[in-house]
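These are the residues of each chain, in order.
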Amino acid sequence: MKRIGFVAVWMLILFGVFSCSGENAGPAGVDGDADSDADADSDSDSDSDADSDSDSDTDTDSDSDTDTDTDSDTDSDTDADADTDSDTDTDSDTDSDTDSDSDTDTDSDTDSDSDTDSDSDTDTDSDTDSDSDTDADSDTDSDSDTDTDSDSDTDTDTDTDSDGDITMVIEENTDGFCAVEGTIDSDNPGFSGDGFANTDNVSGYGVEWSIHSPSGGTATLTWRYAAVSDRPGTVLVDGVEVSAVDFPSTDDWAVWQETSTTITLAAGDNQIRLEANSSDGLANIDHVTAVGAGISAGVCIVIIDTDIDTDVVAAGMIGFATLNGGTTGGAGGQTVTVTSYADLVSYAESSTAYTIMVDGTITNGSGGGRVRVASNKSIIGVGSTAFLNGVGIDISSSNNIIIRNIRATLVGTNDPKNVNGGDVVGISGTSRNIWIDHCEFYSEDPSVQTDIDKYDGLIDIKGETGFITLSWNYLHDHHKGGLVGAADDDLYADRKVTMHSNYYNKVRLRVPMYRGSTGHFFNNYIVGATDATEIRAGTCVRVERNYYESLHYSIYTPSDSPGSTQRIENIEVARTDRAYPANCVADIPYEYSSVLITDTADVKTLVPQYAGVGNM
């Protein structure tokens, strides 16, 4: 009987416990937890993720849940789950998480998760939640509601969000940079990256980039540039002109400014081209900054298109230098590499045949220097850095010489007229069989340095010289380009000179001047000249398929010393009207069709691209 009574008592107790368990659980989701956890995370990430998460989550969770939850919330916010978690979680967590990435993450995630969390759990959960929001915040709140809401939102994310604007800077030689019709230079200070894009000074030349847009839309392009004169340009997207852009003068090549335009991108890769509107070329371009929704570096699908017949560039020696036994330079002799002025002079002036490879800069100080080249020599630059700085080349009564891939100037010497007679290259005496190819010779911009006699010629040929070819050279920024024959009485029947595929840019006069010779001048591009091809006494020159930009006189002869020409399919954009030289038929005995550019209009594009050092 005692046992029965004892059992009855226990049954009564148990009955009372179970009948209490469903009462006073408090209204669903109130969760005492004042936990305001505003965590508004403006992250509007419309992630409609309604996540009603009714999550009845009885969560008896007796845990007083102080939930200090340091929740440093640097907000790598992997739980992009802004988790507005109506769970009013006071979570002082000021963390309004404006999340610069507009990422509207409305994440309506009201988480209807009113967190029924039956746990009356007033959840003191002070949840101090200093919430710097590292908040890996798997929201241990056993309510499974992991809501990973992948939104990786690293929070400083200056618009890496595919739904927001991305700011992307494209430097030269990085993803998204495609090509420049010119060079990447670093000789003016203040640039970023590896240097700056410097187009050749040709109208229509440009720089190209590729930008990928996930779904199309507008983008703002801002170029950082420098220029000493106004250099307007045109923007093309996938070959279609879309905008004109002004590049006002910055007054100095070392002063950098910005200019912008807005364009429309198609979904996918977009080829962006900025090209020059004048013969001065573009400004120097340091980089372009693109701002647009979800953009990234695209794939360069178009290389600068030249449509050049590779045979034209690869043909090698053509012209009069191939005659009279040919020109072989130092072939058969020892090959040596020089890095100093003393070594260059020593080998060049030797009576022994040498192929001399010039590596880097050769100089002889501010007094300048002269290298007298003896017969049977090849002087060839290594890569694109061989530079005779203040050093002239003198070929006097020497035969069988090749000069290739060399950059040279007399700029910087104390008295240029006393360095090699003021000529970068002088050919005189009885010199025969000379080939000068893919070199660059220059002085100073003639619109700035106005003393016409400070220097003499870039390449001067005189005396009883002959069987000479000058090909694919870049000759620029000079007053008097070159002459053939020193005076009207300097006449020589075998002075036979071929000049082809040379790029003359801002060479004002003597492009070239011919006297007393048989000449062949073809496929040359002349821009920025005043008076170009001057034909004087005792001369017959075939002037063929050259492109002359606007100038004063293109092909002309003085009345007091007239010469003659055979003119064939030249383009003269604009010239002052003046009688041409008399007609003649030049005796050109060699084959040259393999290097003759078929359409004269192509000379303007092809010659500047392939002339000069580094293009052999």
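Preceding this section is the structure that the text describes.
Every value quoted in this text rests on a predicted model; they were computed, and no experiment measured them. (Residues numbered from 1 in each chain as written. Predicted model: local features only at pLDDT ≥ 70, side-chain atom pairs only at ≥ 80, totals over all residues. Heavy atoms only, no water.)

A.B. asks: If you had to explain helix 3 (residues 341-348) to someone new, which residues and values would you point to?
C.D. replies: Buried within helix 3 are the following residues: Tyr 341, Leu 344, Val 345 and Ala 348. Projected down its long axis, helix 3 carries its buried residues within an arc of 95 degrees, all on one side. (Buried < 20%, exposed > 50% of the residue type's maximum accessible area, 1.4 Å probe, protein only. Helix = DSSP H or I, 4+ residues; strand = E, 2+ residues; numbered from the N terminus. Arc of directions from axis to C-beta.)

A.B. asks: Tell me about the sheet that holds strand 21 (residues 399-404), residues and numbers included.
C.D. replies: In space, the eleven strands of this open sheet follow the order 14-15-18-21-24-27-30-33-36-39-41, with parallel pairing throughout. Single-partner strands in this sheet number two, and they are strand 14 (334-338) and strand 41 (582-583). Pairing analysis gives five bridges linking strand 15 (residues 354-358) to strand 18 (residues 377-381), with the strands arranged parallel. Looking at strand 18, one finds that Thr 355 is bridged to Ser 378. (Pairing = 2+ DSSP bridges.)

A.B. asks: Outline unusual backbone geometry, supporting the account with residue identities and numerical values.
C.D. replies: Pro 512 follows Val 511 through a cis peptide bond whose omega is -20 degrees. Here Pro 512 lies in the loop between strand 31 (503-509) and strand 32 (513-514). The residue Asn 405 is not glycine, and still its phi comes out positive at about 60 degrees. Among the secondary structure elements, Asn 405 is positioned in the loop between strand 21 and strand 22 (407-409).

A.B. asks: Give me the sheet that holds strand 19 (residues 387-389): which residues, what numbers.
C.D. replies: Taken together, nine strands build an open sheet; the order of strands is 16-19-22-25-28-31-34-37-40 and the sheet is parallel. For this open sheet the edge positions go to strand 16 (361-363) and strand 40 (571-572), each flanked by a neighbour on one side alone. For strand 34 (residues 525-527) and strand 37 (residues 547-548), the ladder comprises two bridges, and the chain directions are parallel. Paired with Tyr 525 across the strands is Tyr 547, a residue of strand 37. In this fold helix 4 (residues 603-610) packs onto strand 31, strand 34 and strand 37, with an angle of close to 95 degrees to the strand it touches most, strand 34. (Contact = heavy atoms within 4.5 Å. Axes fitted to C-alpha atoms, helices over the stretch in contact; angles between N-to-C directions.)

A.B. asks: Pulling in residues and values, what's your account of the pattern of salt bridges?
C.D. replies: Per the counting criterion, the structure on display carries 19 salt bridges. Its salt-bridge partner being Glu 208, residue Arg 273 comes within 3.0 Å of it at the nearest N-O pair. You can see Arg 273 sitting in strand 11 (residues 268-276) and its partner Glu 208 sitting in strand 6 (residues 206-213), a full 65 residues away along the chain. Note on Arg 273: relative accessible area 14%, which makes it buried. On the basis of relative accessible area, Glu 208 is assigned to the buried category, the value being 7%. For Arg 575, the salt bridge goes to Glu 572, with nearest N and O atoms at 3.3 Å. Exposure remark for Arg 575: the relative accessible area of 21% places this residue in the partly exposed category. One network of salt bridges, with partners in common, ties together Glu 181, Glu 208, Arg 273 and Glu 275. (Salt bridge = Lys/Arg side-chain N within 4 Å of Asp/Glu carboxyl O.)

A.B. asks: Summarise the nonpolar core; cite the residues concerned and give the values.
C.D. replies: Val 358, Leu 388, Ile 436, Phe 441, Phe 521 and Ile 526 are the most contacted members of the largest nonpolar core, which totals 55 residues. Among the elements that take part in this core, helix 3 stands out by supplying four residues, more than any other. Val 358 has contacts with Val 338, Leu 344, Ile 379, Ile 380, Gly 381, Val 382, Ala 386, Leu 388 and Ile 406, leaving out every residue within four places of it along the chain. Judged by nonpolar contacts, the second largest core, of 29 residues, contains Val 180, Ala 219, Ala 276 and Ala 290. (Core = buried A, V, L, I, M, F, W, Y, C linked by side-chain atoms within 4.5 Å.)

A.B. asks: Mind laying out the pairing of strand 30 (residues 496-500), listing which residues take part and the relevant values?
C.D. replies: Most of strand 30 is tucked away, with four of its five residues classed as buried. For strand 30 and strand 33 (residues 518-522), the ladder comprises five bridges, and the chain directions are parallel. Along strand 33, the bridge assignment pairs Val 497 with Gly 519.

A.B. asks: I'd like to hear about the environment of Ile 461, residue by residue, with values.
C.D. replies: Along the polypeptide, Ile 461 turns up in strand 26 (residues 459-461). According to the relative accessible area criterion, Ile 461 is buried, its value standing at 0%. C-alpha separation for the pair Ile 461 and Gly 482, spaced 21 residues apart in sequence, amounts to 7.5 Å. Residues within four places of Ile 461 in sequence aside, it is in contact with Ile 427, Ile 468, Leu 470, Leu 483, Val 484, Gly 485 and Val 497.

A.B. asks: Pulling in residues and values, what's your account of the packing of aromatic side chains?
C.D. replies: Evaluation of the coordinates by the stated rule reveals 14 aromatic pairs. Centre to centre, the rings of Tyr 504 and Phe 521 are 6.3 Å apart; their planes meet at 45 degrees, and the pair counts as tilted. With Tyr 504 in strand 31 and Phe 521 in strand 33, this pair connects stretches of sequence that are 17 residues apart. Like Tyr 504, the residue Phe 521 is buried in the burial classification. On the numbers, 5.4 Å between centres and 40 degrees between planes, the contact of Tyr 553 with Tyr 556 is tilted. (Phe/Tyr/Trp six-rings, centres within 6.5 Å; stacked < 30°, edge-to-face > 60°.)

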